[in-house]
Amino acid sequence: MKRVYLETWGCQMNFHDSERVLGLLRQKGYVRVDDPREADVILFNTCSIREKAEHKFLSRLGRTKGLKKRNPSLKIAVLGCIAQQSGEKLKEKAPYVDYVIGPQNINRVGEALELEEGVLTDDNPEIALSDIPAYRESTVSAWVNIMYGCNNFCSYCIVPYTRGRERSRPAENIVREIEELVKNGYKEVTLLGQNVNSYSGNVTFPELLRMVNKIEGLERIRFVTSHPKDLGPELVQAMAECEKVCEHIHLPLQSGSDRILKLMNRKYTMEQYYEKIRMLRDAIPAIAITTDIIAGFPTERDEDHQATIEALKEIEFDGIFAFKYSKRPYTRASKMDGQLPEEVKAERLNQILRLQDEITERKNKLLKNTVQEVLVEGKNDSGQYTGRTRTNKIVNINKADGLTAGQIVKVLITEPHRHSLEGRLT
Ligand code: SF4
């Protein structure tokens, strides 16, 4: 019985990849341990979306060197986007690393660990066809991959270089996996893809949503991450007509300036983005919309930044994930002139976050004294039952006893906060 320690960084795709790596290794008799000092194998599933994430990981990796000195039979494997980005070079930089395995090769982790060492970063089209068992964190809500990779090559993004070209899973494999999940008590699924709404299996994405919506016993359907260029009337109509599709969409905008959107290669203009927001809100009035914003993209002038501020005021997102622009290897933006000083990026990011905090807080305040449908996920650190609304807002439930994870309850919102809501059963 081998003991494995696994640490994960990054996006939902990466966390789900880790669930599947654990699923594979459990089939081979591995057990998970929470302390790397007790492990026979240490796995790091890494993220390379920003320079800071990479530096954080490399210093974490450096700290395992000592463990290997104490236990020479210890095996260390690096997975995820840094593995794919660095390949053989990572083993040269850190010779105590035994395996470097890219995201397209996670279905081969089990066989790799039987070798003395190895680098698996070659292109692997099979990944979309292999049904890999997952050892899931939650018993209520499950991530389900529907596609891999991305063809968009946004000029700042490393994902197309680390996760390869787009490959979609066959719809019947996805439906079968979800039917199995529902049999095991799952109530909610989140369909995963770097660019989930460009799914091009043997049906279109709106058709896939309709197929999943028919699955008996499933309560909620979510999907991330969408690209505005692939959000059309058919998808909005499917979202409005499929009763299990939750009223929330994450639709990265990145910048409010058409000049910057062009340099980012985002393939839409602000007018086109506004039109999609209008389409969504006309068809689904209660929809919550969240987004991603990059502050300080190369050559960004003050008027470009102001255009982003105006877009946030105009659209009033329910929430945003905003970051300073970060140079990434291989990307076109990293070679652009006009890279901005860190302090300018930081100042613009703070302005964006301060404005959005006001908007989020004001929008949450409007939910006071409303009754929300909440899918109970379990208990939070302070022992309260907690869960999410259909609009993906966290709700902490006061004075509730005997609830079970997976239950759907009605909650009267008594106290809205900036990033969560509080209420009682009704
Ligand atoms: S759509 Fe753009 S930002 Fe998103 S993963 Fe693809 S290249 Fe990256």
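How each quantity is defined
Counting restarts for each chain, with residues numbered from 1 along the sequence as it is written. Local features in this predicted model are restricted to residues of pLDDT 70 or higher, and side-chain atom pairs are both shown and tallied only at a pLDDT of 80 or more, whereas totals for entire chains, interfaces and linings draw on every residue. The side-chain numbers reported here are obtained from all heavy atoms of the structure, hydrogens and water having been left aside. Secondary structure elements are taken from DSSP: a helix is a run of H or I of four residues or more, a strand is a run of E of two residues or more, and numbering for both begins at the N terminus. We compute the radius of gyration from the C-alpha atoms alone; for a globule the expected value is 2.2 Å times N to the 0.38, where N is the number of residues. When a residue's accessible area, from a 1.4 Å probe over protein chains only, is under 20% of the maximum for its type it is buried; when over 50% it is exposed; and in between it is partly exposed. Two residues form a contact once any of their heavy atoms are found within 4.5 Å. Surface accessibility follows the Shrake-Rupley procedure with a 1.4 Å probe radius. Residue values consider only the protein chains on display as shielding. Under this rule, positive means Lys or Arg and negative means Asp or Glu; His and the chain ends count for nothing. By convention, the point assigned to a charge is CZ for Arg, NZ for Lys, CD for Glu and CG for Asp. We call a residue near a given molecule or strand whenever any one of its heavy atoms falls within 4 Å of it. Each residue gets one label: Ala, Val, Leu, Ile, Met, Phe, Trp, Tyr, Cys and Pro are nonpolar, Asp, Glu, Lys and Arg are charged, and the others, such as Gly, are polar. Here, a strand pair is defined by DSSP locating no fewer than two bridges between the strands. Under this scheme, a helix contributes an axis fitted over its contacting stretch, all axes are lines through C-alpha atoms, and angles between N-to-C directions fall in the 0 to 180 degree range. Where a domain begins and ends is set by an automatic assignment or by a domain database. Buried area is calculated as the accessible area (1.4 Å probe) missing from two parts once they are joined, with the contributions of both summed. One side-chain nitrogen of Lys or Arg within 4 Å of one carboxyl oxygen of Asp or Glu is enough to make a salt bridge. Between N or O atoms, a polar contact is any pair within 3.5 Å; within protein, one atom must be a potential hydrogen donor and the other a potential acceptor, and residues adjacent in sequence are included only when both atoms are from side chains. Only centres within 6.5 Å qualify two rings of Phe, Tyr or Trp (six-membered ring in Trp) as a pair; their planes then separate them into stacked at under 30 degrees, edge-to-face at over 60, and tilted for everything else.

Regarding the overall build of the protein chain
Then, number 1: Broken down by element type, the protein chain carries 14 helices and 19 strands.
Then, number 2: At 22 Å, the protein chain has a C-alpha radius of gyration in line with the 22 Å of a compact globule built from 426 residues.
Then, number 3: By its C-alpha atoms, the protein chain is 60 × 55 × 45 Å across when sized along the principal axes.
Then, number 4: With 426 residues in all, the protein chain has 57% of them scored as buried.
Then, number 5: Across the protein chain, the fraction of contacts at a sequence separation of at least 24, relative to all contacts at a separation of at least 6, is 71%.
Then, number 6: By element, 50% of the accessible surface of the protein chain is carried by carbon and sulfur atoms, the whole surface being about 18800 Å².
Then, number 7: Once the 64 positive and 61 negative side-chain charges of the protein chain are each reduced to a mean point, those two points are 3 Å apart.

A few points about the site of the ligand
Then, number 1: Around the ligand sit C150, N152, F153, C154, Y156, C157, V159, P160, H227 and R266, and those are all the residues in its vicinity.
Then, number 2: Looking at the shell around the ligand, its residues break down into seven nonpolar, two polar and one charged.

Topic: the sheet that holds strand β15 (residues 371-379)
Then, number 1: Strand order in the closed barrel formed by five strands is β15-β16-β17-β19-β18, and the pairing between neighbours is mixed. Along the sheet, successive strands turn relative to each other by an average axial angle of 50°, direction set aside.
Then, number 2: For strand β16 (residues 385-388) and strand β17 (residues 394-398), the ladder comprises four bridges, and the chain directions are antiparallel. Following the sheet pairing, G387 is matched in β17 by V395.

A look at the domain arrangement of the protein chain
Then, number 1: Per the domain assignment, the segments of the protein chain are domain 1 (2-125), domain 2 (128-365) and domain 3 (371-425).
Then, number 2: Taking only C-alpha atoms into account, the centre of domain 1 sits 27 Å from that of domain 2.
Then, number 3: Each partner contributes to the interface: domain 1 provides 29 residues, whereas domain 2 provides 33 residues.
Then, number 4: Summing both partners gives a buried area of about 2800 Å² for domain 1 against domain 2, and 56% of it is carried by carbon and sulfur.
Then, number 5: Viewed at the interface, domain 2 and domain 1 are joined by three salt bridges.
Then, number 6: At the junction of domain 1 with domain 2, the criterion picks out twelve residue pairs in polar contact (both at pLDDT 80 or more).
Then, number 7: Listing elements by their share of the side of domain 1 that touches domain 2, those giving two or more residues are α1 (12-27), α2 (51-62) and α4 (81-86).
Then, number 8: Sorting elements by how many residues they give to the side of domain 1 that touches domain 2 places α1 first, with 13 residues.
Then, number 9: In the side of domain 1 that touches domain 2, the residues fall into nine nonpolar, eleven polar and nine charged.

Observations concerning the packing of aromatic side chains
Then, number 1: Scanning the model with the defined rule gives nine aromatic pairs in all.
Then, number 2: Their ring planes at 45° and their centres at 5.8 Å tell us that W9 and F44 sit as a pair that is tilted. Separated by 35 residues along the polypeptide, W9 in the loop between β1 (3-8) and α1 and F44 in strand β3 (residues 41-46) bring together distant segments of the chain. Considered together, W9 and F44 belong to a single accessibility category, that of buried residues.
Then, number 3: Ring centres 5.4 Å apart and planes at 80° place the aromatic pair F153 and Y161 in the edge-to-face group.
Then, number 4: These aromatic residues form a ring-pair network of at least three members: W9, F44 and F57.

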